[in-house]
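Observations on the model geometry
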Amino acid sequence: MRIDIITVLPQLIESPFQHSILKRAIEKGLVEVNLINLRDYSANKQKSVDDYAFGGGAGMVMSIEPIANCINFLKSQRSYDEIIYTSPDGKPFNQKMANHLSTFNNIIILCGHYKGVDERVREHFITKEISIGDYVLSGGELAAAVICDSIIRIIPGAISDETSALTDSFQDNLLAPPVYTRPADYNGWKVPDILLSGHEKNIEEWRHEQSLERTKKRRPDL
Ligand code: SAH
């Protein structure tokens, strides 16, 4: 899989790809992540990528030209399954979308800034708009990092224990059961006996019950 992230602040999202699961997935060649500096596609001397909003009002708007130049160049190199714009008014992101995106070969993620991008970018280039929640961020970079993390970790081979990603919350529409590690007794706070029993089948049943109970209590909407 190849993910091209278009941003005015590439440094802002370098770090998430340099550690842990994402780093290993990149090293294994399961995914290639390219941080593309939008300013490189600005035609003017100042390398500007934004301008005043038509009609007035506070806040700058990201111009269509550099974005169009950039996306057109990328599209001339390969075909893309999806061109995503991160936006608070996009479709709320969830595990199902992450699962689906992780099956694609090539995607672009465009990170917005300021008041957002010129609407014509959304109308003519973007194929999917994603929000990571009902709150406003300063830019799309953190949203892009969230989206990338969730899709890369479920690419087969990214996590060493393959079943691990499938037992996380939201797969099967259930929240994950509680987990414990040593010591079995911390100042009198004990780990449930069943987990120490060695009875695989009973443990599995207990975990499933805990998942159901937790989902009913915390997220009945699931
Ligand atoms: N004026 C816009 C907000 C712009 S915030 C509005 O009111 O809807 C600047 C940029 O941050 C956006 O263009 C978008 O790319 C990103 N962003 C902000 N909040 C986000 C969210 N909840 N999910 C995804 N991206 C978000």
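First, a word on what this report is: a plain description of the structure on this page. Because the structure is a prediction, the values reported are computed rather than measured.

The rules we used
Each chain has its residues counted from 1, following the order in which its sequence is written. Whole-chain, interface and lining totals are the exception, using all residues; otherwise, since this is a predicted model, local features are given only for residues with pLDDT of at least 70 and side-chain atom pairs are given and counted only at 80 or more. Side-chain numbers here rest on the full set of heavy atoms in the structure, without hydrogens or water. Residues are classed as near a molecule or strand on a simple rule: at least one heavy atom within 4 Å of it. Two N or O atoms form a polar contact when they lie within 3.5 Å of each other; inside protein one atom must be a possible hydrogen donor and the other a possible acceptor, and for residues adjacent in sequence the pair counts only when both atoms belong to side chains. Accessibility throughout is a Shrake-Rupley quantity obtained with a 1.4 Å probe, and a residue counts as covered only by protein chains that appear here. Starting at the N terminus, helices and strands are each numbered in turn, a helix being any DSSP run of H or I of at least four residues and a strand any DSSP run of E of at least two. Gly falls in the polar group here, along with every residue not listed as nonpolar (Ala, Val, Leu, Ile, Met, Phe, Trp, Tyr, Cys, Pro) or charged (Asp, Glu, Lys, Arg). Strand pairing is assigned whenever DSSP identifies at least 2 bridges connecting the two strands. As a rule, the C-alpha atoms of each element are fitted with a line to give its axis, helices using only the stretch in contact, and angles between N-to-C directions run from 0 to 180 degrees. Two residues form a contact once any of their heavy atoms are found within 4.5 Å.

1. Quick notes on the site of the ligand
- Around the ligand, 20 residues are found, and the nearest of them are Y85, T86, G112, Y135 and L137.
- S87 is positioned such that a nitrogen or oxygen atom in its backbone is 3.4 Å from a nitrogen atom of the ligand.
- About the coverage of the ligand: the protein hides 84% of its 560 Å² of free accessible area.
- Those elements that provide at least two residues to the shell around the ligand are β5 (82-92) and β7 (128-131).
- Residue classes in the shell around the ligand are distributed as nine nonpolar, ten polar and one charged.

2. Considering unusual backbone geometry
- For the bond from R182 to P183, the omega torsion is 5°, close enough to zero to count as cis.
- Mapped onto the elements of the fold, P183 is located in the loop between α6 (162-166) and β8 (185-186).
- The backbone of F170 sits at a positive phi, close to 80°, despite the residue not being glycine.
- Position of F170 relative to the elements: it lies in the loop between α6 and β8.

3. Concerning the sheet that holds strand β1 (residues 2-7)
- Strands sit in the order β2-β1-β6-β5-β7 across an open sheet of five strands; the sheet is parallel. Looking at which strands have only one partner, the edges of the open sheet turn out to be β2 (32-37) and β7. Put simply, the sheet's adjacent strands are angled 30° from each other on average, direction ignored.
- Examined bridge by bridge, β1 and β2 share six bridges and lie parallel to one another. Paired with I3 across the two strands is V33, which belongs to β2.
- Packed onto the sheet, helix α5 (residues 141-152) meets β1, β2, β5, β6 (106-110) and β7 and runs at close to 170° relative to β1.

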